[in-house]
Amino acid sequence: MELQLGLALGPPIHNPNKCLDLKICGFEPNEQVSSTPWTMSCVGAKNEFHVKNKRSSIEAFGSVVEEEEGQKPKTTLPLVSWSDQPHEEEEDNCGRGKICKRLIIERNQGGIVGWPPINSLRQKLLYQNRHPHQNQHGRIENNRTGENRPHSRSNSMYVKVKMEGVAIGRKIDLKRYHSYQTLKESLISMFSKNLRSELDVSANYTLTYQDREGDWLIAGDVPWRTFINSVRRLEILNNNGSLYRLGSPWFII
Amino acid sequence: MDCKRNRDMKSPPPFPDEVLERILSFITSRKDRSAVSLVSKDWYNAERWTRTSIFIGNCYSVSPQIVIRRFPKIKSVTIKGKPRFSDFNLVPPNWGADIQAWLFAFASAYPFLEELRLKRMTVSDESLEFLSLKFSNFKALSLLSCDGFSTDGLAFIASNSKNLIELDIQENAIDDFSGNWLCCFPENFTSLEILNFANLNSDVNFDALERLVSRCRSLRVLKVNKNIQLGQLQRLLVKAPQLTEIGTGSFLQELNLQQYAELACAFNHFKNLHTLSGLWEVTSVYLPVLYPACTNLTFLNLSTAVLQSDELAKVLGHCPRLQRLWVLDTVGDAGLQSVGSSCPLLEELRVFPADPYSQDIFHGVTESGFLAVSRGCRRLHYVLYFCRQMTNAAVATIVQNCPDFTHFRLCIMNPHQPDYLTDKPMDEAFGAIVKTCTKLQRLAVSGLLTDMTFEYIAKYAKNLETLSVAFAGSSDWGMQCVLDGCPKLRKLEIRDCPFGNAALLSGMERYESMRSLWMSACNLTMNGCRLLAQEMPRLNVEVIKEDESEDCVAEKVYVYRSVAGPRSDAPSFVLTL
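Looking up chain B in an unreviewed UniProt entry gives the name Transport inhibitor response 1 domain, with the organism given as Dillenia turbinata. We quote the UniProt Pathway (unreviewed entry) comment for chain B here in full: "Protein modification; protein ubiquitination." Chain B has a UniProt comment under Subcellular location (unreviewed entry) that states "Nucleus".

The name given to chain A in an unreviewed UniProt entry is Auxin-responsive protein, with the source organism recorded as Dillenia turbinata. Reading the Subunit (unreviewed entry) entry of the UniProt record for chain A gives the comment "Homodimers and heterodimers." Taken directly from UniProt, the Subcellular location (unreviewed entry) text for chain A runs: "Nucleus".

S.K.: For the state of the cysteines, give the residues involved together with the corresponding values.
M.R.: Residue and element names in this part refer to chain B. Under the defined criterion, the tally for this structure stands at zero disulfides over all chains. With no disulfide of its own, Cys146 lies 11 Å from the sulfur of Cys59, the closest cysteine sulfur. You can call Cys146 buried: its relative accessible area is 1%. Unpaired in terms of disulfides, Cys437 finds its nearest cysteine sulfur in Cys402, a separation of 8.4 Å. Residue class for Cys437 comes out buried when judged on its relative accessible area of 2%.

S.K.: Go over a nonpolar patch on the surface with me, naming the residues and quoting the values.
M.R.: Taken together, the side chains of Phe15(B), Val19(B) and Ile23(B) define a hydrophobic patch exposed on the protein surface, amounting to about 230 Å² of accessible area. If you trace the backbone, Ile23(B) turns up in helix 2 (residues 17-24).

S.K.: Quick rundown of the pattern of salt bridges? Include the residues and the values.
M.R.: Residues and elements named next belong to chain B. All told, the structure shown has 24 salt bridges over all chains when counted by the stated rule. As a salt-bridge pair, Lys239 and Glu210 come within 3.0 Å of each other at their nearest N and O atoms. One end of the pair, Lys239, is in helix 10 (residues 230-239); the other, Glu210, is in helix 9 (residues 206-215), with 29 residues separating them in the sequence. We note a salt bridge from Arg324 to Glu348, for which the minimum N-O separation is 3.1 Å. With a gap of 24 residues between them, Arg324 in strand 13 (residues 324-328) and Glu348 in strand 14 (residues 348-352) connect regions that are remote in the sequence. In this structure, a network of salt bridges that share partners links the residues Arg33, Glu47, Arg51 and Arg70.

S.K.: Give a description of the side chain of Glu47(B) that names residues and reports values.
M.R.: Residue and element names in this part refer to chain B. Positionally, Glu47 belongs in helix 4 (residues 41-50). Exposure remark for Glu47: the relative accessible area of 0% places this residue in the buried category. A polar contact is formed between the side chain of Glu47 and the side chain of Arg51, at a distance of 2.8 Å. Among all residues touching Glu47, those that are not within four sequence positions of it are Leu24, Arg33, Val36, Ser37, Arg70 and Phe71.

S.K.: Which residues make up the packing of aromatic side chains, and what values do they have?
M.R.: Two descriptors summarise a pair of aromatic rings, namely the distance from one centre to the other and the angle between the planes of the rings. The tally for this structure, following the rule as stated, stands at 25 aromatic pairs over all chains. Clustering of aromatic rings is evident, with ring pairs tying together Tyr60(B), Phe85(B), Phe88(B), Trp95(B), Trp518(B), Tyr558(B) and Tyr560(B). Just above the ring of Phe352(B) sits the side chain of Arg122(A); from NZ or CZ to the centre is 3.7 Å.

S.K.: Explain the UniProt feature "domain: F-box" (unreviewed entry) in chain B to me, using residue names and the numbers behind them.
M.R.: The UniProt record annotates "domain: F-box" (unreviewed entry) at residues 15-56 of chain B. Within the segment residues 15-56 of chain B, helix and strand shares are 62% and 10% respectively, and the terminal C-alpha atoms sit 31 Å apart.

S.K.: An account of the sheet that holds strand 8 (residues 216-218) of chain A is needed here, citing residue identities and associated values.
M.R.: Residue and element names in this part refer to chain A. In spatial order, the strands read 6-5-9-7-8; together these five strands make up an open sheet with mixed pairing. At either margin of the open sheet sits one strand with a lone partner, and together these are strand 6 (170-173) and strand 8. Shown here is a sheet whose adjacent strand axes are inclined to one another by a mean of 30 degrees, direction ignored. Across three bridges, strand 7 (residues 205-211) lies against strand 8 in antiparallel orientation. Of the residues in strand 8, the one forming a bridge with Thr208 is Ile218. Along the sheet, helix 3 (residues 180-190) contacts strand 5 (158-163), strand 6, strand 7 and strand 9 (231-238); its crossing angle with strand 6, the most-contacted strand, is approximately 150 degrees.

What counts and how
Residues numbered from 1 in each chain as written. Chains lettered and ligands numbered in written order. Predicted model: local features only at pLDDT ≥ 70, side-chain atom pairs only at ≥ 80, totals over all residues. Heavy atoms only, no water. UniProt positions renumbered as here; feature names shortened; annotations may be inferred. Disulfide = S-S within 2.5 Å. Buried < 20%, exposed > 50% of the residue type's maximum accessible area, 1.4 Å probe, protein only. Patch = residues over 30% accessible without salt bridge, like charges linked within 9 Å, V, L, I, M, F, W, Y side chains within 5 Å. Areas by Shrake-Rupley, 256 points an atom, 1.4 Å probe, with all protein chains shown as cover. Salt bridge = Lys/Arg side-chain N within 4 Å of Asp/Glu carboxyl O. Helix = DSSP H or I, 4+ residues; strand = E, 2+ residues; numbered from the N terminus. Polar contact = N/O pair within 3.5 Å; in protein donor to acceptor, adjacent residues only side chain to side chain. Contact = heavy atoms within 4.5 Å. Phe/Tyr/Trp six-rings, centres within 6.5 Å; stacked < 30°, edge-to-face > 60°. Lys NZ or Arg CZ within 6 Å of the ring centre and 35° of its normal. Pairing = 2+ DSSP bridges. Axes fitted to C-alpha atoms, helices over the stretch in contact; angles between N-to-C directions.

Put into structure tokens, the structure is as follows:
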């Protein structure tokens with residue numbers, strides 16, 4: 001079950017309180033981690049997919065699902081669950097063979113950081129094995145020269161980032177990120193002085209990128225890995241009318 | 001202990017130091033040497049003067065100064081740096097483990113250093129240049145999973161290390177500017193015995209390589225990268241019939257009949273070949289050229305070759321003596337069946353996923369492949385198996401067939417996946433493993449697991465040294481069990497499990513007898529880690545904070561014992577508590 005997820009830069013509309021939720025501090029043996037999509041200090045934001053037990057929040061591309069003991073999980077986003085198993089289980093039932101609720105975005109090329117545990121060299125080899133002479137757009141590509149994938153061998157991948165209305169562009173190393181969420185948080189931090197209001201970022205701005213064919217697309221529609229392989233430049237656009245010049249529909253859930 | 005008593009009674013030691021040292025110089029095992037050094041002060045001294053090879057499992061557990069002070073006569077150094085999960089992008093770049101400080105110390109203390117073997121260390125080109133210039137007797141460089149250098153650094157080694165015997169560059173994340181480094185070996189350089197550049201990407205100058213291979217008559221290991229074509233490989237092989245380990249380049253080039261015959265002839269000469277790897281882009285047309293060379297093969301690494309089951313079956317038919325096999329899961333269960341039937345001497349099997357990110361369960365291997373191997377290969381003791389489905393019953397049968405497992409690393413690729421037939425957790429599978437395999441040293445668990453798994457491990461896995469846990473467990477109790485019940489545990493690495501501060505702190509006393517603990521995406525907080533750091537001053541408790549995240553959450557925690565105190569080179573995102 002694949003979904004188009006709109007990558008709002010802000011919190012989900014249904015749960016405005018979550019965005020301002022403050023951290024729980026102080027030492028407790030079974031501390032809850034409350035992670036929201038909004039605060040830049042999100043724990044879960046580092047990973048594309050952050051798996052926690054049922055007591056903690058699970059973050060997925062801008063939505064928050066919280067399971068607290070005795071409460072029914074509130075989801076507005078139907079997210080892909082694991083192996084099509086029923087997913088409204090309590091942790092205690094694990095022993096009886098039912099799986100606990102775990103949410104994931106897309107396993108194919110967009111999954112958990114560092115899982116399955118295959119080292120990066122082998123991952124590169126696998127990619128090359130799957131696409132020996134052809135990239136996903138169907139063009140023949142000699143991957144031996146590697147010109148079309150300048151980032152395939154090195155540790156960093158700097159792309160230019162420009163924000164509409166801001167004179168000076170910046171550069172960002174995309175290799176440091178594994179998800180749209182962490183990327184956006186970094187960008188927000190980078191351009192924080194230029195944002196009209198941090199709380200309304202999603203309403204006012206959209207992240208777009210230019211792919212290797214020169215087309216400008218909205219960031220977030222394709223799996224992260226696909227994005228990384230084709231992105232050449234980033235631009236943050238104002239939502240006041242600029243979006244429509246791209247001509248692409250913008251899904252917001 | 002007689003020595004000590006004698007000294008106390010003021011009588012001379014039973015034999016002079018020189019004799020003791022001579023005797024101890026025969027002891028090579030690290031563990032034995034460690035034991036020897038604890039006997040008495042005399043033995044400690046004799047041991048330190050006779051140790052020539054040192055192994056440092058965690059570069060931050062000790063400082064270069066402490067090492068050189070204790071061991072004055074080291075010729076060979078092995079150092080491991082970053083936590084293992086850095087292989088899977090869980091450790092940010094620039095974390096540390098730089099070799100340079102070590103090299104500075106070694107340059108003054110061990111100017112005659114001969115061997116340097118590094119794993120997961122950061123090595124700069126400047127360091128490689130330094131190494132090549134400061135150590136005139138340098139013989140062997142092995143870099144595994146390292147980063148920070150480029151082919152320019154290799155050029156320094158090639159140019160300046162006149163006595164080089166081994167250059168082994170494996171699985172490193174390096175900048176590959178060009179293959180010209182190979183041309184830097186001087187024309188009068190002939191000592192090379194081991195050359196492995198299989199994982200570099202750029203073209204090397206083939207003429208320089210051919211000349212190098214021709215003049216290094218002692219070359220026994222040659223592993224080229226995939227830019228070397230079949231025709232070129234043939235030319236290299238005829239120049240080096242003494243090779244015992246070959247890593248081929250690409251197996252894709254179209255050959256005419258004569259070229260094919262020449263290639264087959266070249267392989268035909270290798271009756272003493274024991275290791276074969278490479279075979280990138282191999283097609284079944286060219287596989288037969290390898291068959292004559294496989295008679296004495298003990299290690300076949302097909303993990304970069306996309307083979308189907310029938311192709312594998314044919315190859316294995318020619319490898320009766322195989323002990324270690326690495327394959328891709330494209331060979332399927334049918335391919336593994338042929339492993340079971342053709343390789344009775346097999347001791348190690350690694351099955352890597354060709355398409356790990358796909359959820360399609362119709363690819364790859366299942367429990368039946370593993371079962372088939374276990375039926376035919378009773379000596380199997382090391383397995384690394386990536387699959388998408390497994391059952392408790394299958395694992396129980398597998399370990400009945402092969403009770404001698406020392407390393408069992410099972411990766412069911414979907415996290416939290418239960419036994420697909422019974423829908424139960426995989427607890428009983430790992431229970432069976434630890435109950436039956438009393439020699440088990442290393443275990444990696446996966447699938448849906450409750451605390452029961454850890455109860456089993458604690459109760460039965462008394463020889464366990466390394467445990468890797470991901471997406472498993474129900475509560476702190478699981479981790480507490482393991483810390484309490486596995487006396488030989490040295491390395492514990494955990495990710496995405498519901499273990500919190502209570503679990504972390506329950507192992508306080510344990511960590512000093514372990515090499516390290518890694519916990520990421522668990523339920524740890526900064527306060528919990530601070531408490532641990534406070535109570536256990538001889539541990540380094542480090543938290544990796546990747547941006548201005550919530551103050552109280554400890555997302556990635558690395559705890560290790562150290563006699564060198566806290567790191568002095570920690571980057572800003574590593575907080576030492």
